[in-house]
Amino acid sequence: MKTGPSSDIIVIGAGHAGCEAALAAARMGCRTLLFSMNYENIAQMSCNPAIGGIAKGHLVREVDALGGQMARTIDETGIQFRMLNTSKGPAVRALRAQADRVQYRLSMQATLEGQPNLTIVPEQVDRVVAGDGRVDGVVTRDGTLYRAKAVIVTTGTFLRGLIHIGLTHFSAGRAGEPAAEGLSTSLEGLGFCLGRLKTGTPPRLDGRTIDFSVTTPQHGDNPPRPFSYRTERITQPQVPCYLTYTSAETHAIIADNLDRSPLFTGVIQGIGPRYCPSIEDKIHRFSDKERHQVFLEPDGLDTPIYYPNGISTSLPVDIQHRFVRTIPGLERVEFIKPGYAIEYDFVQPTQLWPTLETKLLPGLYHAGQINGTSGYEEAAAQGLMAGINAALALSNSESVVLDRSEAYIGVLIDDLVTKGTDEPYRMFTSRAEHRLLLRHDNADLRLMELGARIGLLDQETYRRFLVRREAIDTETARLRRTRVLDAIPEPAWPGLLPDTKLAQLLKRPEIAFSDLAVVWPDASSVDLGIAEQVELEIKYEGYIKRQHDHVARFKRLEEKRIPQDFQYDRVVGLSREVVEKLAAVSPQSLGQASRISGVTPAALSLLLVALERDRRVGSSTPSVQAAG
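Residues numbered from 1 in each chain as written. Predicted model: local features only at pLDDT ≥ 70, side-chain atom pairs only at ≥ 80, totals over all residues. Heavy atoms only, no water.

(A) The pairing of strand β5 (residues 94-99), seen in detail. Most of β5 sits inside the fold, with 6 of its 6 residues counted as buried. Sheet topology places strand β3 (residues 50-52) next to β5; 3 bridges connect them, and they run antiparallel. By the bridge assignment for β5, A50 is matched with Q98. Sheet topology note: the strand β4 (residues 78-84)/β5 ladder contains 6 bridges and is antiparallel. Bridge pairing in β5 links M83 to L95. (Buried < 20%, exposed > 50% of the residue type's maximum accessible area, 1.4 Å probe, protein only. Helix = DSSP H or I, 4+ residues; strand = E, 2+ residues; numbered from the N terminus. Pairing = 2+ DSSP bridges.)

Have a look at this one:
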């Protein structure tokens, strides 16, 4: 067998998870090989040309605060930035940016090419190799063995990928690229349990044939707000998106042709995304809806291609043409390429530790869609954490596991490894029980210390963070100690007591920091980002305190660790179902056990008694009388 150069870490796949994993590992000093079947499609945006959105934008900010790349790349290539949910509370506000699809890919490729310790290998990996009870490397399609101390699998939709257009289907990882057939067989041979999922994409449209005069322009923010804490301002030209709607005729054409849909004829076996359904699924499930939104999103500044967000479909091409041309503004539209659905293998994520290392094979990590997630942002977050933990493991350093109160990344990974998934997992703010603490605006305050400690955050960024954090603390303290009447001799607000502090005044819902700045000269010089953070912390102080109290209770459960070799079947009183679920997940704490579906409060009580008794006798094997 031929052998290629050995390395510390191998990353399989160069999508959004693979790029973050490879960059993190290389930046932490590991010799890293990044394998990609098609060099030109590294960091390709396979679906919509956008980054962020509700909860997803939070993930991007957290990736940036830890020292990842995605936020910087979208700032360099974004053509519309828009803060969503500005009329709602701060916990659910998030940034979303349209990307120039080609420029995003080229920018990320340039970053990878310029990264020391990182080499891109344009080869297809066919199997993972194990030796001496741990991962040993990979073998490529041409039979070359590449040895490594850790391997990170980030294969996206390529594992036995199968594209569907109408009742026609063919093997592919995405349009125009081959599927990875051998790797699924390799993982099954190692003992992993694989499942099948499905996702889809809409047709790409020629913008030169769209009548934008009958659509509604959707402009971004002016000035645009960057994603990255390292970006001072956005320099790219900004362009609008456009809103239109499906019509009754659209719905009729789709409903009349469901017998030609692979989704409704049983051809597609994989489960699709619940929260991003195809247009035929929308018409079927929401038959009472008269119309559905369609956002026409530009693919870039120098291309006529538009992405019609909202009409993902796997219907035959002739039906796609018919129904798309019933949408206002698209009556004469021409296709660049049709929409399609794709089925692919994933590995049930309960087979992972919270570090994203597999339980079956030490040194092997999984990140991205292989874990059952959907979305560029979820993939990037997992890739970053897998790269970090693989690098830390090689230096015998303590791994990084973010908990649910620290980051949306913690919520994402905990949900996956604890509960698993039977459909493409998408992040929502509603999944985070502590979401007021995990706001879009404070990712740096939550995570930059950690990013600096593990060596991913550059010194200049960390220095600016320390200055910002000190400024927030200083301004908050000043508002808490300064009386309104001392700062503003003739305040315009009624009902003030002599000792009322500025912080108390700011708690009023009708008063913003900007109102103080109008009448108090000292406030007018405060940086807008500092003012925003101070205002949120003061206004929501009571709610934030309650969430911190809840986190303290949560951490008490998390601190009750469960030995890895704990024998659940010897705890008297636990049902066979609960024992099987606990053994399958192998939770690391009582808190994680509490989040496993089907593990009841009564079962947790039995488990707690057993753990406490074992600690007293110094054994990791529970007494058969633990529940007595």
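(B) Layout of the sheet that holds β4. What the 3 strands build is an open sheet, ordered β3-β5-β4; its pairing is antiparallel. On the outer flanks of this sheet lie β3 and β4, each paired with one strand and no other. Put simply, the sheet's adjacent strands are angled 20° from each other on average, direction ignored. Docked against the sheet, helix α2 (residues 56-66) engages β3 and β5, running at close to 80° with respect to β3. (Axes fitted to C-alpha atoms, helices over the stretch in contact; angles between N-to-C directions. Contact = heavy atoms within 4.5 Å.)

(C) Region of the structure containing the packing of α2 against helix α3 (residues 70-77). Relative orientation of the contacting elements α2 and α3 amounts to 110°, with a least axis distance of 7 Å. It follows from the interaxial angle that α2 and α3 lie roughly perpendicular. In this structure, α2 contributes V60, V63 and D64 to the contact, and α3 contributes M70, A71 and R72. Along the lines of polarity and charge, the residues of the contact of α2 with α3 split into 4 nonpolar, no polar and 2 charged. (Parallel < 35°, antiparallel > 145°, perpendicular 65-115°, else oblique. Nonpolar A, V, L, I, M, F, W, Y, C, P; charged D, E, K, R; others polar.)

(D) Expanded view of the pattern of salt bridges. The full count for this structure, using the stated rule, is 42 salt bridges. The closest approach of N and O atoms between D142 and K2, which form a salt bridge, is 3.6 Å. Note that D142 is positioned in the loop between β8 (134-140) and β9 (145-153) and K2 in the segment before β1 (7-12), a separation of 140 residues in sequence. Given a relative accessible area of 41%, D142 falls into the partly exposed group. For the salt bridge of R31 with D8, the shortest nitrogen-to-oxygen distance reads 3.3 Å. (Salt bridge = Lys/Arg side-chain N within 4 Å of Asp/Glu carboxyl O.)

(E) Summary view of the packing of aromatic side chains. The final tally for this structure, using the stated rule, is 6 aromatic pairs. The ring of W353 has K359 sitting right over it, with the charged end atom 5.2 Å from the ring centre. (Phe/Tyr/Trp six-rings, centres within 6.5 Å; stacked < 30°, edge-to-face > 60°. Lys NZ or Arg CZ within 6 Å of the ring centre and 35° of its normal.)

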